[in-house]
Amino acid sequence: MNYLIYFGIVVAAGCGLTFVSRSFAYAMSRMVEAGFDHVEYRLALRARERRNMRRDARIANVVTPFRAGGDVVTLPVNKRSTQQLGVARVAA
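Residues numbered from 1 in each chain as written. Predicted model: local features only at pLDDT ≥ 70, side-chain atom pairs only at ≥ 80, totals over all residues. Heavy atoms only, no water.

A. Spatial organisation of a positive patch on the surface. A cluster of like positive charges, contributed by Arg 46, Arg 50, Arg 51, Arg 54 and Arg 58, occupies part of the molecular surface. Relative to the helices and strands, Arg 51 is located in helix 2 (residues 22–60). (Patch = residues over 30% accessible without salt bridge, like charges linked within 9 Å, V, L, I, M, F, W, Y side chains within 5 Å. Areas by Shrake-Rupley, 256 points an atom, 1.4 Å probe, with all protein chains shown as cover. Salt bridge = Lys/Arg side-chain N within 4 Å of Asp/Glu carboxyl O. Lys, Arg positive; Asp, Glu negative; His and termini not counted. Charge placed at Lys NZ, Arg CZ, Asp CG, Glu CD. Helix = DSSP H or I, 4+ residues; strand = E, 2+ residues; numbered from the N terminus.)

B. Looking closely at the pattern of salt bridges. Inspection of the entire model under this criterion finds one salt bridge. Glu 33 is the partner of Arg 30 in a salt bridge, and the nearest nitrogen-oxygen pair spans 3.7 Å. Highlighted residues: Arg 30 and Glu 33, both in helix 2, separated by three residues, approximately one helical turn. Of the residues examined, Arg 30 reaches a relative accessible area of 31% and is grouped as partly exposed. Since its relative accessible area comes to 41%, Glu 33 is described here as partly exposed. (Buried < 20%, exposed > 50% of the residue type's maximum accessible area, 1.4 Å probe, protein only.)

Quick look at the structure:
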C-alpha cells in the first residue's frame, strides 16, 4: 500500500511540474493560437460567402429586356481554394 502512495506522490509531482514548466506553457499557447486561427479562418470564409450571396442576389434581381418576367436566375456556387479567397492559412 505504501508503494501506491509513493507512486501517487510521484505522479502528482510530475503533473505539477508539467503544468508549471515552460514547455507546457508553450504547448498550451500554440493550441490556443491554433484555435483562434481556426475560428478566424472560418469567420473569414463565412463573411466571404455572405458577400458572394449578396452579390449574386443583386445580379439575379437585375431586370434585362430579354428576360421573362418573374424568372429568378440562380448562379452556381463556385467553391474556391483558400488562396483564391484571399485568406492566408499559416502552418503551425
